[in-house]
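Structural overview
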Amino acid sequence: MVQRVATDERPFETPSSDESGLGRSDSPTDDSEPEAALAVPPDGGWGWVVVFASFMCNMIVDGIIFSSGLMLKPIGDHFHVTGSVVAPVNSLLSGFYLLAGPFVSALANKYGFRVVTILGCVISSVAFALSYYATSVIYLYIVYGVIGGIGLCMIYTSSVLTVGFYFERWRALATGLSLCGSGVGTFVFAPVTKMLIDKYSWDTTLLVLAGLILLCVIFGAMFKPIKPVRVTLADQNEEDNSRRHEEAVEKLNSMLKLHNKLDSGISMPAEMRFTNKVSPHTWMGVANNTRYPTAEEVFKGSNSHLSRRSSATAGTLKNHLGNKPLFIAVPVAEKDEQEDSNSNIDNAEPLIASSIKVVPREARPRRSHADLVARPFYRDDIFFGGSLARLPQYTSRTSLGYHMAVTHVPTQEDAQEETSGKCRLCPEAVKRALATMLDVSLFRSPTFNILAVSGFFTMLGFFTPYYYMEKRAMIHGVDSTTAVWLISSIGIFNIVGRIACGLVSSMPKVSPLWLNNIALSAGGIATIFSGLSYNLTYQFGYTAIFGLAVACFASLRSILVVEYIGLEQLTNSFGLFLLFQGLGAVLSAPISGALYDLTDGYDVSFYVSGAFILFSAVMCYPVDYISRWEKTRNKLTNSQKA
């Protein structure tokens, strides 16, 4: 049985540290063994409750975002302003919904998804409620747009990322189901918002929406943190445990029949990235997360010391594992309760259960600071929403080996902040997440620059159909009820697109790049020609194409980054992507509103919007060739340096 191990009350032992201050000894001794805390997904159980909660949060947040365009005209009429003046009310809401992503992620890294979600619910709900008392459009810019957008970002970011934290084998399915809430929200909230505006007013509608946002407090409370597991080398110095050691060998033999290798491993880079020295591009005072060692690298650094172990059984185990250490995983808990030990063996199922052994607390005191902290953004795959089977890091390892390979260890300062309970203005976990997500050194990559600028142009055209399709249809004779359902139909096809894109992109022979390019090209061309006819069949056909296109764009971004830039750069890429896309969202509605004021119609706005989306697709056409050229150049550069 796996026994819970209580957190040791005594202060940290200070290991010999390198000049970086990481607090890790590069030369472990028998008195200082490497340990790490890993958040291993349960791949089910409470995870499906988290999927439901995430679905509901996405439904409410995206439903509000994508139907908010219905309030532009009532707000403009109320304050007697033009379309270009009122447009930033919505564009700031959707823009800060993205722009705040890196900063919200940094908070979640320190305080967890549950706390950030609940705090976001309170902030956005209060902002929407205070908007009821708006006295000017400027007031709405700040309260509704900026503050409300930040609050919604806190809900959305946490609800999306926490699903991936709970799933491994079923991550693609679970993430897809939760994100379907976006399409359902668009489908439901468009007619509901229209009904509330017609029956009451735009300001009363905001009060109702504020109440709905508060429901996310309930769903956010369901984001229960995952208890990390402690991974360590086996301490086999007690001769009276020989019987249990022999059983462990038998279990390992059985395990090795199923797994030819416990872990394929990655050799340590030549520069031994065990440093948190400030690089020239690091502005937060700490380095990019990838410059810290992974749990795998820490353990590999200790392999040469395994032969020093005095236990005969340890030597036997070494013979079976070659140079691989025996890992032990035990849940980290706050209390050492014997009665809980029997009920928690199943919680370790994602690990190789046959290699899990009991280590008595008194026989294995904590020797490092790393076993207390398991931060979500210290994982390289936190933003990856596709199937892990697409990752060579996953397919070449066992489950435990994969989690060790993608989890970077915390610094000593980070762990000490966790246990001290002192409030700091900018904790280490926040600074490290920001330094990772906003590391501008990635701009040296041509492939990244193309994908980032492409995302900017996509978002320039993304929101125009959501904001202005209903108004354009009504100008051309479509009744108001039917016009609203055009927005709802985008939500329906968004759901279909996410499911279909997930299935197609999981096929090994299907290129996610070309799937993305075809979808965006079709969406851009359809938007350009969407005003040729206002026949309902034609208009609903356009919404189908557009809904499928935006679904593919949203679903494939993380897959494209991993394929062409690398998993280790995924968090950095997404942090900068959010800034590019947020800026595009901020500018989208004002550009369309200004074009409406100049032309007294929405046709030109849709032409320009479609051109932006089409251009974003065309930019990505040569990404495959540029990526290969870049990788070849980097190999030549590295070989010359060597």
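We now turn to the structure provided with this report. (Residues numbered from 1 in each chain as written. Predicted model: local features only at pLDDT ≥ 70, side-chain atom pairs only at ≥ 80, totals over all residues. Heavy atoms only, no water.)

1. A look at the overall build of the chain
Within the chain, the regular secondary structure consists of 24 helices and four strands. A burial count over the chain gives 58% of its 642 residues as buried. Long-range contacts, defined here as pairs at least 24 residues apart, represent 86% of the contacts in the chain between residues at least 6 apart. For the chain, the computed accessible surface area is about 25,500 Å², with 62% contributed by carbon and sulfur atoms. (Helix = DSSP H or I, 4+ residues; strand = E, 2+ residues; numbered from the N terminus. Buried < 20%, exposed > 50% of the residue type's maximum accessible area, 1.4 Å probe, protein only. Contact = heavy atoms within 4.5 Å. Areas by Shrake-Rupley, 256 points an atom, 1.4 Å probe, with all protein chains shown as cover.)

2. Some words on the nonpolar core
Counting residues in each nonpolar core, the largest one holds 133 residues, and the members touching the most others are Phe128, Leu152, Phe377 and Tyr466. If one sorts the elements of this core by residue count, helix α6 (residues 137-166) sits on top with 14 residues. What phenylalanine 377 contacts, discounting residues up to four positions off in sequence, is Ser105, Ala108, Asn109, Phe113, Leu161, Asn289, Ile382, Phe383, Ala433, Met437 and Thr571. (Core = buried A, V, L, I, M, F, W, Y, C linked by side-chain atoms within 4.5 Å.)

3. Some words on the pattern of salt bridges
One pass over the structure, following the stated rule, counts seven salt bridges. Of the charged contacts, one joins arginine 390 and glutamate 563 as a salt bridge, the two residues approaching to 3.4 Å between their closest N and O atoms. Of the two residues, arginine 390 sits in the loop between α12 (338-341) and α13 (392-395) while glutamate 563 sits in helix α21 (residues 536-564), which places them 173 residues apart along the sequence. Residue classification places glutamate 563 among the partly exposed residues on the basis of a relative accessible area of 32%. Each of Arg171, Arg379 and Asp381 takes part in a single network of salt bridges with overlapping partners. (Salt bridge = Lys/Arg side-chain N within 4 Å of Asp/Glu carboxyl O.)

4. Some thoughts on the packing of helix α17 (residues 446-462) against helix α24 (residues 623-641)
Between α17 and α24, the shortest axis-to-axis distance is 8 Å and the interhelical angle comes to 150°. Looking at the two axes, α17 sits roughly antiparallel to α24. Across the interface between the two elements, Pro446, Thr447, Ile450 and Leu451 of α17 pack against Val623, Ile626, Ser627, Trp629, Glu630 and Arg633 of α24. For the contact of α17 with α24, the per-class residue count stands at six nonpolar, two polar and two charged. (Axes fitted to C-alpha atoms, helices over the stretch in contact; angles between N-to-C directions. Parallel < 35°, antiparallel > 145°, perpendicular 65-115°, else oblique. Nonpolar A, V, L, I, M, F, W, Y, C, P; charged D, E, K, R; others polar.)

5. Focus on the side chain of threonine 543
Structurally, the position occupied by threonine 543 is in helix α21. With near-sequence residues (within four places) excluded, threonine 543 lies in contact with Met469, Leu486, Ser489, Ile490 and Phe493.

6. Concerning the side chain of glutamine 393
Locating glutamine 393 in the fold gives a position in helix α13. When near neighbours in sequence (up to four residues on either side) are disregarded, glutamine 393 contacts Tyr402 and Leu567.

7. Things to note about the environment of valine 406
As for its position among the elements, valine 406 is in helix α14 (residues 399-406). Along the primary structure valine 406 and leucine 567 are separated by 161 residues, whereas in three dimensions their C-alpha atoms are 8.8 Å apart. If near-sequence neighbours (up to four positions away) are discounted, valine 406 is found in contact with Tyr378, Arg379, Asp380, Asp381 and Leu567.

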